[in-house]
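These are the residues of each chain, in order.
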Amino acid sequence: MAAAAPEPPGPGSGGWSGPRLEALDRGAVAVATSEGVFLSWRLLGDEVTGHGGAGMVGPAFDVFRDGERIATVEDSTNYLDEGGAPGATYSVAPAGADGAAGAGGAAGAGGPVGEAASWADGHGEIPLRTPEGGTTPAGEEYGYTANDASVGDVDGDGRYEVVVKWDPTNSKDVSQKGYTGPVYVDTYTLDGELLHRIDLGVNIRAGAHYTQFTVYDLDGDGRSEIMLKTAPGTRTLSYGEDGRRTGSDFITLPKKDRKAGYSHEDDYRLSAEEYRDRLAETFLGWHDHPEVRGGDWPATVEEAMGEEPRYDYPLERGDAEALADHFIDDYAPSRSERNDLRSFEGFVLDGPEYLTVFDGASGKELDTVRYEPGRGDDGLLWGDYAMSRIEPGNRVDRFLSGVAYLDGENPSAVFARGYYTRATVAAYDFDGKKIRKRWLADSGHVPMDNPFDDAPHGKDGSDPEMGALASQGFHSLSAADVDGDGRQEIVYGAATLDDDGSLLYSSTEDGVKFGHGDAMHVGDFDQSRDGLEIWTVHEDTSAPYGYVMRDAATGEVLFGGRTGADTGRGMVGDVDPDVPGVEAWSSVSFDGDRTGLWSADGEYLGEETPGTNMSIRWAADMTTQVVEGRATDDGAEPPRIEDWGRGTLLTAEGTLTNNGTKGNPSLVADIVGDWREELLVRTEDSSALRIYTSTEVTDRKLYTLMHDPQYRVGVAAQQTAYNQPAYPSFPLASDTDWDRVPLP
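Residues numbered from 1 in each chain as written. Predicted model: local features only at pLDDT ≥ 70, side-chain atom pairs only at ≥ 80, totals over all residues. Heavy atoms only, no water.

Participant: How should the UniProt feature "domain: Rhamnogalacturonan lyase family 11 C-terminal" (unreviewed entry) in the protein be read in this particular structure?
Facilitator: Following the UniProt record, one finds the feature "domain: Rhamnogalacturonan lyase family 11 C-terminal" (unreviewed entry) at residues 125-235 and 338-736. Overall, residues 125-235 shows 0% helix and 41% strand. The separation of its end C-alpha atoms is 28 Å. (UniProt positions renumbered as here; feature names shortened; annotations may be inferred. Helix = DSSP H or I, 4+ residues; strand = E, 2+ residues; numbered from the N terminus.)

Participant: Is there a simple way to explain the pattern of salt bridges in this structure?
Facilitator: Taken as a whole and assessed by the stated rule, the structure comprises 57 salt bridges. The partner of Asp 429 in a salt bridge is Arg 438, and the shortest N-O contact between them spans 3.1 Å. Residues participating in the shared-partner salt-bridge network are Glu 273, Arg 276, Asp 277, Asp 325, Asp 329 and Arg 342. (Salt bridge = Lys/Arg side-chain N within 4 Å of Asp/Glu carboxyl O.)

Participant: Looking at this structure, I do not really get the nonpolar core. What am I missing?
Facilitator: A general tendency of soluble globular proteins is for nonpolar side chains to be buried together. Among the nonpolar cores identified, the biggest contains 58 residues, and Val 162, Ile 671 and Leu 702 are the most heavily contacted of them. With 4 residues, the single largest contributor to this core is strand 14 (residues 144-152). What Ile 671 contacts, discounting residues up to four positions off in sequence, is Arg 42, Val 151, Tyr 160, Glu 678, Leu 680, Ile 691 and Met 706. If you look at the next biggest cluster of nonpolar residues, it comprises 39 residues, including Tyr 216, Tyr 428, Leu 469 and Val 713. (Core = buried A, V, L, I, M, F, W, Y, C linked by side-chain atoms within 4.5 Å. Buried < 20%, exposed > 50% of the residue type's maximum accessible area, 1.4 Å probe, protein only. Contact = heavy atoms within 4.5 Å.)

Participant: I'm lost on the packing of helix 2 (residues 272-284) against helix 5 (residues 317-335) in this one. Help?
Facilitator: One can describe the packing of helix 2 onto helix 5 by two numbers: an axis separation of 8 Å at closest approach and a directional angle of 120°. Judged by the angle between their axes, helix 2 and helix 5 are oblique. Regarding helix 2 and helix 5, the two cross each other, and that crossing is right-handed. Of the residues in helix 5, those touching helix 2 at Tyr 275, Arg 276, Leu 279, Ala 280, Glu 281, Phe 283 and Leu 284 are Arg 317, Ala 320, Glu 321, Leu 323, Ala 324, Asp 325, Phe 327 and Ile 328. Taken together, the residues of the contact of helix 2 with helix 5 sort by class into 10 nonpolar, no polar and 5 charged. (Axes fitted to C-alpha atoms, helices over the stretch in contact; angles between N-to-C directions. Parallel < 35°, antiparallel > 145°, perpendicular 65-115°, else oblique. Left-handed = near helix turned anticlockwise from the far one by under 90°. Nonpolar A, V, L, I, M, F, W, Y, C, P; charged D, E, K, R; others polar.)

Participant: How should empty space enclosed by the protein be read in this particular structure?
Facilitator: Over the atoms rolls a probe the size of a water molecule, and its path tells where empty space is left. Tallying each qualifying case throughout the model produces 7 cavities of 30 Å³ or more. The computed volume of the largest cavity comes to approximately 160 Å³. As for the largest cavity, its lining consists of 18 residues, and the residues nearest its centre are Leu 477, Ser 478, Gly 714, Pro 725 and Ala 726. Broken down by secondary-structure element, the contributors of at least two residues to the lining of the largest cavity are strand 28 (478-480), strand 34 (520-523) and helix 6 (709-717). Classifying every residue of the lining of the largest cavity gives 9 nonpolar, 9 polar and no charged. (1 Å grid on protein atoms, 1.4 Å probe; cavity = no way out; pocket = protein on both sides within 12 Å on 5 of 7 lines; lining within 4 Å. Points joined across faces, edges and corners; volume = space filled by probe spheres on them.)

Participant: What am I meant to see in helix 2 here?
Facilitator: Each α-helix winds once per 3.6 residues, and so residues spaced three or four apart point in a common direction. Taking 1.5 Å per residue as the helical rise, helix 2 with its 13 residues ought to reach 18 Å, and the 19 Å between its terminal C-alpha atoms agrees with that figure. The complete set of buried residues in helix 2 reads Ala 272, Tyr 275, Arg 276, Arg 278, Leu 279, Ala 280, Phe 283 and Leu 284. (Expected span 1.5 Å × (residues − 1).)

Participant: Could you clarify how one ought to interpret the sheet that holds strand 8 (residues 90-94) in this entry?
Facilitator: In sheet architecture, strand pairing relies on hydrogen bonds along the backbone and comes in two forms, parallel and antiparallel. Reading across from one edge, 6-5-8-9 is the order of the 4 strands in this open sheet, with antiparallel pairing throughout. Among the strands making up the open sheet, the edge pair consists of strand 6 (68-73) and strand 9 (114-115). In terms of strand pairing, strand 5 (residues 61-65) meets strand 8 through 5 bridges, oriented antiparallel. Bridge pairing in strand 8 links Asp 62 to Ala 93. (Pairing = 2+ DSSP bridges.)

Participant: Looking at this model, I keep getting lost on the packing of aromatic side chains. Mind explaining?
Facilitator: The relation between two aromatic rings is expressed through the spacing of the ring centres and the mutual angle of the planes. Across all of its chains, the model carries 27 aromatic pairs by this definition. Taking the centre distance of 5.3 Å and the plane angle of 35° together, the rings of Phe 327 and Tyr 331 count as tilted. Here Phe 327 and its partner Tyr 331 are both found in helix 5, 4 residues apart, which amounts to about one turn of the helix. Grouping residues by exposure puts Phe 327 and Tyr 331 together as buried. Look at Trp 535 and Tyr 547: their rings are 6.1 Å apart centre to centre, the planes differ by 40°, and that puts the pair in the tilted class. Of this pair, Trp 535 sits in strand 35 (residues 533-537) while Tyr 547 sits in strand 36 (residues 547-551), placing them 12 residues apart in sequence. Accessibility classification places Trp 535 together with Tyr 547 in one group, the buried group. Here Arg 205 stacks its cationic end above the ring of Phe 347, 3.9 Å away from the centre of that ring. (Phe/Tyr/Trp six-rings, centres within 6.5 Å; stacked < 30°, edge-to-face > 60°. Lys NZ or Arg CZ within 6 Å of the ring centre and 35° of its normal.)

This is how it looks when you write it as structure tokens:
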């Protein structure tokens with residue numbers, strides 16, 4: 001059972017100002033260990049009254065075992081009961097409150113009382129209900145595995161629920177052809193009750209870049225909503241307490257679309273033959289394309305392919321079909337042997353696209369609007385046909401999502417499309433009834449002389465004000481108050497948008513953009529200087545930097561180096577307590593060299609580096625650990641938590657990470673207990689999601705990281721594309737200057 005829920009809008013009983021955050025309960029857990037029973041609980045943000053030598057100043061806590069007080073803890077929010085037994089019942093309360101009543105008792109004058117959830121096996125476990133598999137139109141069978149997860153308090157009781165995305169086993173990268181099964185998004189209580197399931201339907205393709213789901217209390221009612229991209233065929237499946245399905249409700253199609261004949265029976269997945277017909281339709285309309293009429297593209301398809309014209313325009317259908325066959329069978333393979341458009345199938349390149357917000361507790365649709373911007377085409381204007389690799393549906397269908405406090409108080413949902421060429425970022429507010437667009441930042445398409453032969457990466461878009469945003473995006477985004485005005489900005493890779501959607505800056509050197517990369521981290525990394533920093537690694541071999549630390553407010557380069565190679569991974573954390581502050585490192589680049597570990601202020605520390613799959617704050621001394629372990633075709637490794645100095649701290653036997661070589665846990669976040677982060681990973685058969693928490697006794701006292709606005713929105717964005725760690729707005733290291741930690 002959970003404690004009596006705090007009253008919104010504050011995290012505790014004392015009110016709240018600034019960014020509106022969740023009203024959480026005590027989040028107490030009890031874990032049986034070989035040394036006794038370890039207890040851990042939350043210090044809430046509004047309970048903090050000042051700074052101390054080893055943490056924040058706040059209330060002392062009484063610890064009760066079976067109704068009897070056994071300890072009062074002043075310097076931390078954890079305790080090891082050496083005389084405890086796994087069957088004992090524990091509760092925690094601010095000193096002087098009645099903790100003997102347990103979770104059913106009312107919050108005391110000093111804050112909520114919490115009964116500790118007991119984890120006898122060293123971890124918590126949330127039973128999952130695996131969706132049934134199916135068969136694609138091509139006759140391929142698929143099943144399901146649990147993938148990314150997020151958390152939110154969907155019922156307002158101060159306790160997190162977990163939202164889990166199910167990926168079919170034929171999930172695809174955007175650049176890979178083939179059908180996929182549909183994606184499901186489940187919401188579970190921590191006890192394993194399935195509250196509802198969102199079936200995205202056949203018109204949302206499955207893969208890391210397609211479905212980004214935002215879980216957050218957007219309307220301020222104390223309960224989290226779920227917001228994500230939808231399409232005809234998306235529906236909510238509801239369940240009763242006995243686990244039986246009780247309902248199935250499709251989202252509401254806009255009136256205009258219903259009148260146009262769209263329905264939930266539509267299936268926009270392309271077969272290879274349908275793609276060929278679609279390409280022929282593009283060629284049929286070539287003469288009337290705005291870029292052709294404006295004289296910016298070649299007047300004929302043949303000239304665009306570098307050949308002499310041989311047909312009259314406007315084309316006849318037979319001629320357009322002949323050109324489509326020539327393009328697929330001759331032209332495309334001549335550009336690259338990897339271009340196999342004759343078997344191009346399974347993509348969704350037509351049909352309506354929506355953005356829907358669902359009630360987090362019931363799954364009920366609350367509002368649906370059109371997704372902005374729409375795809376426009378299958379990637380022709382986005383550069384998907386311009387380079388040697390012809391990849392329809394690739395750059396056009398790269399999506400990101402997150403949350404940001406753009407006005408300094410209320411959260412806005414952020415949804416983005418595109419980053420290699422055209423880049424678009426939209427911010428939305430939800431008032432409990434309607435989704436309203438706050439702003440849309442759009443670089444415009446990158447102009448090309450020839451859509452079949454050009455190099456659109458690294459160039460500006462057509463918009464006179466926002467064009468510099470193009471080509472700068474990553475596989476993630478971050479929200480942080482980079483300029484210190486109390487409102488969060490959107491760090492979109494190598495560019496940053498101000499809170500009003502205008503372009504704050506776009507990073508270049510000698511006219512060359514820093515460009516796209518796979519890993520990005522934003523936080524207060526260097527305690528020797530004011531403000532936040534951004535650590536990124538970059539993919540383009542011609543980029544000015546393969547790895548770089550920048551000032552988050554201005555984009556100024558603090559240090560970095562050019563690699564001339566695709567530097568694929570990077571990470572930040574305090575892995576070496578002998579070095580002041582945190583360290584930053586880049587991975588082995590794809591040509592097999594150029595590794596490096598640096599101090600936050602740029603001192604080179606050597607070639608040897610930790611891993612880069614995901615970091616976790618697990619240790620008692622506030623150093624950073626790394627999650628290792630990958631599930632690939634070559635075999636599966638159970639996730640491990642590795643410490644740079646001490647070695648393996650945990651091996652989560654019987655579980656797996658996600659996303660192949662990325663090796664991401666389902667989630668790393670501070671969801672229960674003290675300020676340290678929990679590891680959420682799926683069991684090998686996806687029958688459950690396990691929650692691991694550190695049982696090292698710590699004397700550091702810090703409020704829950706979820707009551708730092710930057711960290712909280714970072715957790716909300718962790719599920720997007722290539723999962724990245726969440727970082728607080730303050731320095732967090734073994735030598736943290738506590739005076740720099742804000743009082744919420």
